[in-house]
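Listed below, chain by chain, are the residues.
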Amino acid sequence: MKNHHSTSVALPEPGPAAGPVTGRPDRVRAAVSLPEAATEVRYLDTAGAIGAVGWLRVESSAVCGTDVSLYQAGLDWPTVMGHHVVGRITALDPDRALAWGVTVGDLVALEEYLPCQRPDCAACSIPGRYRMCPESDLWKGRRRVGLISAEEGSGLYGGNAEYMQLNTNSIVHRLPSELDPDLASWTQPFANAVDWTINAGGAREGSTVVVIGPGYHGVAAVAAARAVGAKKIVAVGRSSQRLAIAEALGAVPVINDDGADLGTLIDSATGGNGTDLILDTVGLGRAVTSAAAGTLRKLGRLVLAGLGPVPVSEVDLKALIRGANTITGVRGRSPEAVRQSIDLLAAGTSGLELVPATHVPLEEVGDMLDRLAAGNGPASPHVVIRPQPAGTPSPNTSSRQAHTQTRNLNR
Ligand SMILES: [Zn+2]
Ligand SMILES: [Zn+2]
């Protein structure tokens, strides 16, 4: 595939690429992020697309901490980033439509995985295990949405563009057509949070849950704990602005100052009654394992989702055994968690409408990534790239407009 390349032209170009509401767009405006941590808007030509089985008109592409880390560390090649993608299908091969249970005009969320789907793959050969495919692994094959070179085929493999191509191995989930775009863009991170908090973490009605790090996934985890009826939710962090958002979702905010003992902080927030789940989205390492040993109730769980700089080197194994506790590493999400996420978002019970969204047009993607890399991002962790030109109706602008739009899409 290396001999293929896209034709890309730097701005300025005549007028915005409005693109069709059905079919394959000809040229697509995309924010292309470069290895030197810069981003420029380019027009990418779709004529040289390799393996496209359909096209997605991107409604939103939410920025994740992984994007910021990759951008900061230096991308391998020019890349249309963005892997938390929601959009409307404008073209799709009939066999994929059948396999995915979707049709042109549908609002869908993509997962970032592009698994190999070979029958001899240890992951892909097990139903629902595709997220562990080595070919799509962040630390191995890296064939995933938002990471493939912008110089391969159409280059449109990420969400930070007006359109992106769908591949035969895309993982597509249909969303309710009228779902609010800002809520819809929570589909993936909320699915992660549901998987980590409820499925791996065992949070349920009446649980006491501690979430370390009120960032993008931490806030979503507070929402997941709330959705399942946790009795007490404690959010521990350094940013009072982020903690205020967690508090709005029902968490008790706890400032984690330098030098504070995490176990003592958790004890005072829970009245010393213990915790059923500690979810670390930051990677506090030693501090969180010692706190867990002291505050976890019997059968309580410590779930580690953050890759921090400090290794987990001092686990109190006696406390672990006496408490029949579980320590689990988590990454990504199961397909079931995506369905749980969509159900909660569709039912309006996620609570995530309480988290303000910052909308970013394509022209400002680079500035926003720079701000986030510098730790100078918006107060709310919900940063959403909206690639469509201003004035383009969003999926649920009004029921009348949405109806008209659906009719047009189906033409
Ligand atoms: Zn992500
Ligand atoms: Zn595989």
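Residues numbered from 1 in each chain as written. Chains lettered and ligands numbered in written order. Predicted model: local features only at pLDDT ≥ 70, side-chain atom pairs only at ≥ 80, totals over all residues. Heavy atoms only, no water.

## A word on the coordination of the zinc ion (ligand 2)
Thinking step 1. Note on the zinc ion (ligand 2): its protein donors are Cys116 (SG), Cys121 (SG), Cys124 (SG) and Cys133 (SG). The metal-donor distances range over 2.3 to 2.4 Å.
Thinking step 2. Sequence positions of the residues that donate to the zinc ion (ligand 2) give the spacing C-x4-C-x2-C-x8-C. (Donors = N, O, S within 2.8 Å, 3.2 Å for Na, K, Ca; no water.)

## What about helix H1 (residues 65-73)?
Thinking step 1. Within H1, the full set of buried residues consists of Asp67, Val68, Leu70 and Tyr71. Summarising the axial view, the buried residues of H1 lie within an arc of 165 degrees, below the 170-degree limit, and thus occupy one face.
Thinking step 2. Buried positions along H1 lie against strand E2 (27-34), strand E3 (38-45), strand E4 (52-62) and helix H11 (365-373).
Thinking step 3. One or two residues past the end of H1 sits Gly74, with phi positive at roughly 105 degrees. (Buried < 20%, exposed > 50% of the residue type's maximum accessible area, 1.4 Å probe, protein only. Helix = DSSP H or I, 4+ residues; strand = E, 2+ residues; numbered from the N terminus. Arc of directions from axis to C-beta. Contact = heavy atoms within 4.5 Å.)

## Things to note about the packing of aromatic side chains
Thinking step 1. All told, the structure shown has 2 aromatic pairs when counted by the stated rule.
Thinking step 2. Note on Trp186 and Tyr216: the rings are 5.4 Å apart at their centroids and 40 degrees apart in plane angle, and the pair reads as tilted. With Trp186 in the loop between helix H3 (181-184) and helix H4 (187-199) and Tyr216 in helix H5 (residues 216-227), the pair connects residues that are 30 residues apart, well separated along the chain. (Phe/Tyr/Trp six-rings, centres within 6.5 Å; stacked < 30°, edge-to-face > 60°.)

## Focus: the packing of H1 against H11
Thinking step 1. Direction vectors running N to C along H1 and H11 enclose 90 degrees, while the axes themselves pass 9 Å from each other. If you check the angle between H1 and H11, you find them roughly perpendicular. Between H1, through Val68, Tyr71 and Gln72, and H11, the contact on the second element is made entirely by Gly366, Leu369, Asp370, Leu372 and Ala373.
Thinking step 2. Its residues placed into classes, the contact of H1 with H11 shows 5 nonpolar, 2 polar and 1 charged. (Axes fitted to C-alpha atoms, helices over the stretch in contact; angles between N-to-C directions. Parallel < 35°, antiparallel > 145°, perpendicular 65-115°, else oblique. Nonpolar A, V, L, I, M, F, W, Y, C, P; charged D, E, K, R; others polar.)

## Points about empty space enclosed by the protein
Thinking step 1. Applying the stated criterion to the full structure yields 4 cavities of 30 Å³ or more.
Thinking step 2. Considered as a void within the structure, the largest cavity measures approximately 90 Å³ in volume.
Thinking step 3. Around the largest cavity sit Thr289, Ala292, Ala293, Leu296, Leu302, Val315, Asp316, Ala319, Leu320, Asn325, Thr326 and Ile327, which together line it.
Thinking step 4. Looking at the lining of the largest cavity, the elements with two or more residues in it are helix H8 (286-295), strand E13 (296-304), helix H9 (317-322) and strand E14 (326-329). (1 Å grid on protein atoms, 1.4 Å probe; cavity = no way out; pocket = protein on both sides within 12 Å on 5 of 7 lines; lining within 4 Å. Points joined across faces, edges and corners; volume = space filled by probe spheres on them.)

## What about the coordination of the zinc ion (ligand 1)?
Thinking step 1. Listed as protein donors to the zinc ion (ligand 1) are Cys64 (SG), His83 (NE2) and His84 (NE2); their distances from the metal cover 2.1 to 2.4 Å.
Thinking step 2. Written as a sequence motif, the donor arrangement for the zinc ion (ligand 1) is C-x18-H-H. Of this pair, Cys64 sits in the loop between E4 and H1 while His83 sits in the loop between H1 and strand E5 (84-92), and the two are 19 residues apart along the sequence. Here Cys64 and His83 have matching classes, each one buried.

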